[in-house]
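Tertiary structure, described
Here is how the chains run, residue by residue.
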Amino acid sequence: MGKIFEFTSVSAGYDDEIVLKDVNFTVWDNDFVGVIGPNGGGKTTLLKLILGEIKPKRGTIKYFKHEPNEVLFGYLPQVIGIDKKFPISVMEVVLSGLLGRKGIMGRYTGHDKRLALNLLQRMEIQHLKDKAIGELSGGQMQRVFLCRALISHPRLLILDEPNTFVDNKFEKELYELLQELNKEMAIIMVSHDLGTITTHVKTIACVNRQLHYHPSNLITTDQLAAYDCPIQIIAHGPVPHTVLHKH
Amino acid sequence: MLHFFSDIFQYQFILNAFLAALLVSIAAGIVGSYIVARRLVFLSGGITHASFGGIGIAYYLGFNPILGAAIFAVITAFGIESLSSKYNVREDSAIGIMWSVGMAIGIFFVFLTPGYAPNLMSFLFGSILTVTKQDVFLLLGLDLAMIIFFILFYYPILYLAFDANYARTQRVPEKVFSYILMAFVTVTIVLSIRLVGIILLISLLTVPPTIANLFTKKFKYLIYSSILIGFVGTITGLMVSHGLNVPSGTTIILALIFMFLIARLIRLIMDKVISIKQLSKN
Ligand SMILES: Nc1ncnc2c1ncn2[C@@H]1O[C@H](COP(=O)(O)OP(=O)(O)OP(=O)(O)O)[C@@H](O)[C@H]1O
Ligand SMILES: [Mg+2]
């Protein structure tokens, strides 16, 4: 088990606005970090920093790759700004997750297609494989993008609110799948649903302009207040009790 | 009109036009599919029309108009990019500005040029008489370069066009690709001017993929069928142009539009048949 990346006093933001200040954050193989925080708190910004889409204004981010060209991440964005009329099939979208691994001159083999098909099957949308991506419903599309994030079998899976658009049944299956995947890869998942966070993740990062790392999946309202992380605890079956437990 | 094929071997200019049509269909099929998929049609229209500025200046100073067009096309492509990214002008406004500024410069210089501008109409509406052997070789070079590029880098091109943000997380060099592709778009436009003319060029790029899109939703097939459709359209257009002595741009576009109407009808019938089949199954 090794480190995947390490933030050292990272500050970052857009133009002249600082969104995240003085963040120290390290993720190891097989971690499962739930990221919580209010709207606009900087969760997506944190993920973009990890992915290298934006650069820190101060501080450093260090990656611990096994080999220099390793693509560490599979990513499910929160908002996917795609053109619904774009001529691309579901199968092709899933295969695009392998792009980093294959390199820009890569070719796709029968093995890759079987991998994609297996994933689509797991997400129960294999019958849609030849459809144009724009012809899918919101939840179906979300599943396709999950397949895209998973197909490269990344060392770190980054999910920005994976439960948007999908129905309850699939959400439950998704968390089971994540538990299973977590045996082989680290996962960072943003969610507003503290109930699901506490039942499925191992540790919690509260992000609100700053990052407070909570090395357990149990968190109390007092702690949330101390972390300056005013998020609502939604009543969700028996879960809130564990949330409110002191530990 | 049937003289066309016997004339091919008799007159060099018809052979040139025929070869140019074949080669333009390939370039236009690839570039057209790309700009339609990425919604760069308006941008391409702007580059096309602005290139008239270069033609006007070339007339005035007396050098090759196509070279002038090429210079202006490149300036326009970069001008739009920097207007929208550095000066914060909205992209479609930037395109609109460059579009008309280029046309204005062109007409300004054409009017300053003493005497009559003989080939002006052919640059606006296309003419098969003006296609030279050199054009044919340039087109051949462009086609080869583009075919090789698209075969080698088909997937990064497709995935960047579809979702650039994701492609970037997969370490695809987005900037390099978009500059190369923009260069292909620009060169294709410039080298198609002789055959179809500035005013009508954008239809040559957009109608074939639009027809193909009625039947396929895959980028690869879109390219293949656009090339084929473009070829049928340009050859038909050339034949009519030759027979009736009408500018070739006009006849090519009309041939393509006619094909579009037929394709639309076929699609309509196919949809009807499929839905009747589905209903009777239940
Ligand atoms: N592209 C951008 N340009 C400028 N400012 C931005 C940009 N993206 C985000 N911001 C700002 O950064 C702050 C943090 O945004 P971020 O998207 O990281 O929040 P978040 O925690 O993911 O919120 P949410 O729960 O709504 O997804 C916000 O105040 C937002 O206005
Ligand atoms: Mg967010």
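What counts and how
Residues numbered from 1 in each chain as written. Chains lettered and ligands numbered in written order. Predicted model: local features only at pLDDT ≥ 70, side-chain atom pairs only at ≥ 80, totals over all residues. Heavy atoms only, no water. Helix = DSSP H or I, 4+ residues; strand = E, 2+ residues; numbered from the N terminus. Contact = heavy atoms within 4.5 Å. Domains from an automatic or database assignment. Buried area = accessible area lost by both parts, 1.4 Å probe. Salt bridge = Lys/Arg side-chain N within 4 Å of Asp/Glu carboxyl O. Polar contact = N/O pair within 3.5 Å; in protein donor to acceptor, adjacent residues only side chain to side chain. Pairing = 2+ DSSP bridges. Axes fitted to C-alpha atoms, helices over the stretch in contact; angles between N-to-C directions.

Things to note about the environment of A:Val23
All names here are of chain A. Tracing the sequence through the fold places Val-23 in strand β2 (residues 17-28). For Val-23 and Leu-211, which are 188 residues apart along the polypeptide, the C-alpha to C-alpha distance reads 5.8 Å. Not counting residues up to four positions away in its chain, the partners in contact with Val-23 are Phe-7, Thr-8, Ser-9, Val-10, Leu-46 and Leu-211.

A word on the domain arrangement of chain A
All names here are of chain A. Domain boundaries assigned for chain A yield domain 1 (3-72 + 154-243) and domain 2 (86-153). Here the C-alpha centroids of domain 1 and domain 2 sit 25 Å apart. Contact with domain 1, which involves 20 residues of that partner, is made by 14 residues of domain 2. In this assembly, domain 1 packs against domain 2 so that about 1,400 Å² is buried in total across both faces, 63% of it on carbon and sulfur atoms. The largest contributions to the domain 1 side of the interface with domain 2 come from Pro-154, Phe-170 and Leu-177, which together make up 37% of the buried area. The interface formed by domain 1 and domain 2 holds 3 salt bridges in total. Glu-124 is paired through a salt bridge with Lys-169; the nearest N and O atoms lie 3.5 Å apart. Between the two partners, domain 1 and domain 2, sit 4 residue pairs in polar contact (both at pLDDT 80 or more). Of all the secondary-structure elements, those providing two or more residues to the side of domain 1 that touches domain 2 are β6 (156-160) and α6 (168-181). Of all the elements, α6 adds the most residues to the side of domain 1 that touches domain 2, at 7 residues.

Overview of the sheet that holds β6(A)
Picture the strands of a sheet paired through backbone hydrogen bonds; they go either parallel or antiparallel. Residues and elements named next belong to chain A. The strand order across the open sheet formed by 6 strands is β5-β6-β7-β3-β8-β9, and the pairing between neighbours is mixed. In this open sheet, the two strands that pair with only one neighbour each are β5 (73-76) and β9 (210-214). For this sheet the average axis-to-axis angle between neighbouring strands, irrespective of direction, equals 15°. Sheet analysis places strand β8 (residues 203-208) next to β9, joined by 5 bridges and oriented antiparallel. Pairing of Cys-206 across the sheet is with His-212, part of β9. Contacts between helix α1 (residues 43-51) and the sheet are confined to β3 (32-36), β5, β6, β7 (186-190), β8 and β9, with β6 contributing the most and set at about 150° to the helix. The sheet strands contacting helix α5 (residues 138-150) are β5 and β6, and the helix crosses β5 at an angle near 170°.

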